[in-house]
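The primary structure of each chain is shown beneath.
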Amino acid sequence: MQNLPFTSLRAFEAVARLRGFNRAAEELGVTQSSVSQHVKALEEWTGRKLLIRSSHNTSVTDDGQQLADAVKRGLGDIIDVCNHLKQRQSNEQVIVLSCPPGFALNWLFPRLINFDQRYPDLPVSITTHSFSTSISPSDTNLSIRYGTGKYPNLFTQQLMTERMTPVCAPTLPDGEPPLTQISHLARHTVLLDEIGQYEANPPTWSYWAQKAGHDLPRLNRTRRFGQANMAVQMAIRGGGIALGREPLVIDALREGNLVMPFAQFVLSEYGYWLVCNRQTAQQEHIQIFMNWLLEEVAAQPDMADFVG
């Protein structure tokens with residue numbers, strides 16, 4: 001293998017396929033003289049005449065055709081193998097992230113374009129999961145989990161904590177009926193969403209009222225949703241008051257689509273966690289993505305910035 005004249009073989013295959021030295025030189029990006037020298041050297045090396053040269057056309061001898069076909073097959077196999085290896089490398093760099101649907105829609109998607117622009121060679125695919133979904137390393141590289149961070153035998157790092165406060169459309173506080181006191185909740189539609197797991201005190205309206213030092217009035221009108229994102233979207237459209245969990249409402253507060261009628265923040269016992277296999281956590285592209293997520297969390301505004 002080490003003694004084969006690979007450069008000459010490649011040059012000869014191009015001449016045989018393209019039927020000309022000039023076209024072969026253009027394809028290979030070398031001079032016509034260089035191609036001619038390589039073919040001549042190959043004929044001397046094999047001891048056989050491989051090409052029939054003329055001023056108008058170049059044809060291949062029987063021996064030459066046999067050799068050209070062999071080189072073409074060999075180059076084709078090499079190209080196929082190289083493309084396969086490159087595709088494998090590309091696939092190994094894909095980041096498959098699993099996260100709650102509300103978090104994906106309200107927090108991650110608006111920021112993901114920043115990652116794509118910064119790291120165009122690291123594609124990110126998103127799948128969503130419910131609270132009951134187990135972490136399957138075969139399906140994802142990395143998960144963002146909502147809970148208390150108890151994931152035995154896995155790499156776990158807190159992405160962000162969560163504060164809560166009621167939120168509503170800007171028109172509600174000064175509307176009729178008004179919404180300026182906690183007792184006014186009794187005359188409004190209160191939006192509830194399912195938490196789905198109870199490792200700790202769940203971030204419910206009762207939890208918020210207790211921690212904020214309020215007596216929650218009787219909620220006469222409620223609307224229940226299976227996902228927090230649905231409650232947030234209903235609140236944006238003026239359909240009631242939702243318990244705003246920080247990552248899910250921070251952008252809507254910044255854009256003025258939601259306001260905080262009471263602006264009393266309570267820290268949830270839940271949060272968002274980066275979770276994956278310990279080996280996966282050491283992979284460079286996963287570390288890049290996790291560090292980027294942490295940078296985005298550090299850069300987001302504080303809920304208190306939007307009081308009043």
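Small disclaimer: the values here were computed from a predicted structure and weren't measured.

### Quick look at the pairing of strand 6 (residues 155-167)
Point 1. Bridging between strand 6 and strand 10 (residues 266-276) involves eight bridges; their strand directions are antiparallel. Among the inter-strand pairings, Thr161 is bridged to a residue of strand 10, identified as Gly271.
Point 2. Where strand 6 lies against strand 9 (residues 241-245), four bridges are found, and the strand directions are antiparallel. Its bridge partner lying in strand 9, Met164 is registered against Arg245.

### Some points on the side chain of Glu246
Point 1. Mapped onto the elements, Glu246 comes out in helix 8 (residues 246-254).
Point 2. For Glu246, a relative accessible area of 8% puts it in the buried group.
Point 3. Residues contacting Glu246, with those up to four places away along its chain left out, are Glu162, Arg163, Gln300 and Met303.

### Here we look at the sheet that holds strand 3 (residues 95-99)
Point 1. What the eight strands build is an open sheet, ordered 4-3-5-10-6-9-7-8; its pairing is mixed. The outermost strands of the open sheet, each flanked by one partner alone, are strand 4 (124-128) and strand 8 (221-225). Adjacent strand axes in the sheet meet at a mean angle of 25 degrees when their direction is disregarded.
Point 2. Relative to strand 8, strand 7 (residues 189-193) runs parallel, the two sharing five bridges. Bridging across to strand 8, Leu191 finds its partner in Arg223.

### Quick look at helix 6 (residues 205-212)
Point 1. Within helix 6, the full set of buried residues consists of Trp205, Tyr207, Trp208 and Ala209.
Point 2. Where helix 6 is buried, its residues contact strand 6, strand 7, strand 9 and strand 10.
Point 3. Taken from the residues just after helix 6, Gly213 is the one with a positive phi, measuring 80 degrees.

### Thoughts on the packing of aromatic side chains
Point 1. Taken as a whole and judged by the stated rule, the model has ten aromatic pairs.
Point 2. Centroid distance Phe115 to Tyr119: 5.0 Å. Interplanar angle 40 degrees. Geometry classified as tilted.
Point 3. Considering the side-chain rings of Phe289 and Trp292, the 5.6 Å spacing of their centres and the 25 degrees angle between planes classify their relative orientation as stacked. Residue Phe289 and its partner Trp292 are both found in helix 10 (residues 284-299); the two are separated by three residues, about one turn of the helix.
Point 4. By relative accessible area, which is 0% here, Phe289 ends up buried.

### Concerning the packing of helix 1 (residues 6-18) against helix 3 (residues 32-46)
Point 1. Two elements in contact, helix 1 and helix 3, have axes separated by 8 Å at closest approach and are oriented at 110 degrees. As judged from the angle between their axes, helix 1 and helix 3 are roughly perpendicular. Where helix 1 abuts helix 3, its residues Thr7, Ser8, Leu9, Ala11, Phe12 and Val15 lie against Val35, His38, Val39, Ala41 and Leu42.
Point 2. The class makeup of the residues in the contact of helix 1 with helix 3 is eight nonpolar, three polar and no charged.

### A word on the packing of helix 5 (residues 101-118) against helix 10
Point 1. Their axes nearest at 11 Å, the elements helix 5 and helix 10 cross at an angle of 125 degrees. Relative to helix 10, the element helix 5 is oriented oblique. The crossing of helix 5 and helix 10 is right-handed. Where helix 5 approaches helix 10, its residues Trp107, Leu108, Arg111, Leu112, Asn114, Phe115 and Arg118 are matched on the opposing element by Ile288, Phe289, Trp292, Leu293, Glu295, Glu296 and Val297.
Point 2. Partitioning the contact of helix 5 with helix 10 into residue classes produces nine nonpolar, one polar and four charged.

### A closer look at the environment of Gln233
Point 1. Within the secondary structure, Gln233 is located in helix 7 (residues 228-236).
Point 2. What makes Gln233 partly exposed here is its relative accessible area of 24%.
Point 3. Residues Gln233 and Asn106, spaced 127 residues apart in sequence, show a C-alpha to C-alpha distance of 9.7 Å.
Point 4. At 2.9 Å, the side chain of Gln233 forms a polar contact with the side chain of Arg237.

### Some points on the pattern of salt bridges
Point 1. All told, the structure shown has eleven salt bridges when counted by the stated rule.
Point 2. A salt bridge links Glu295 to Arg118, with the nearest nitrogen and oxygen atoms 2.7 Å apart. Separated by 177 residues along the polypeptide, Glu295 in helix 10 and Arg118 in helix 5 bring together distant segments of the chain.
Point 3. Look at Arg118 and you get partly exposed, because its relative accessible area is 43%.
Point 4. Taken together, the salt bridges that share partners define one network made up of Glu13, Arg17 and Glu27.

So, how was this worked out
- Residues numbered from 1 in each chain as written.
- Predicted model: local features only at pLDDT ≥ 70, side-chain atom pairs only at ≥ 80, totals over all residues.
- Heavy atoms only, no water.
- Pairing = 2+ DSSP bridges.
- Helix = DSSP H or I, 4+ residues; strand = E, 2+ residues; numbered from the N terminus.
- Buried < 20%, exposed > 50% of the residue type's maximum accessible area, 1.4 Å probe, protein only.
- Contact = heavy atoms within 4.5 Å.
- Axes fitted to C-alpha atoms, helices over the stretch in contact; angles between N-to-C directions.
- Phe/Tyr/Trp six-rings, centres within 6.5 Å; stacked < 30°, edge-to-face > 60°.
- Parallel < 35°, antiparallel > 145°, perpendicular 65-115°, else oblique.
- Nonpolar A, V, L, I, M, F, W, Y, C, P; charged D, E, K, R; others polar.
- Left-handed = near helix turned anticlockwise from the far one by under 90°.
- Polar contact = N/O pair within 3.5 Å; in protein donor to acceptor, adjacent residues only side chain to side chain.
- Salt bridge = Lys/Arg side-chain N within 4 Å of Asp/Glu carboxyl O.

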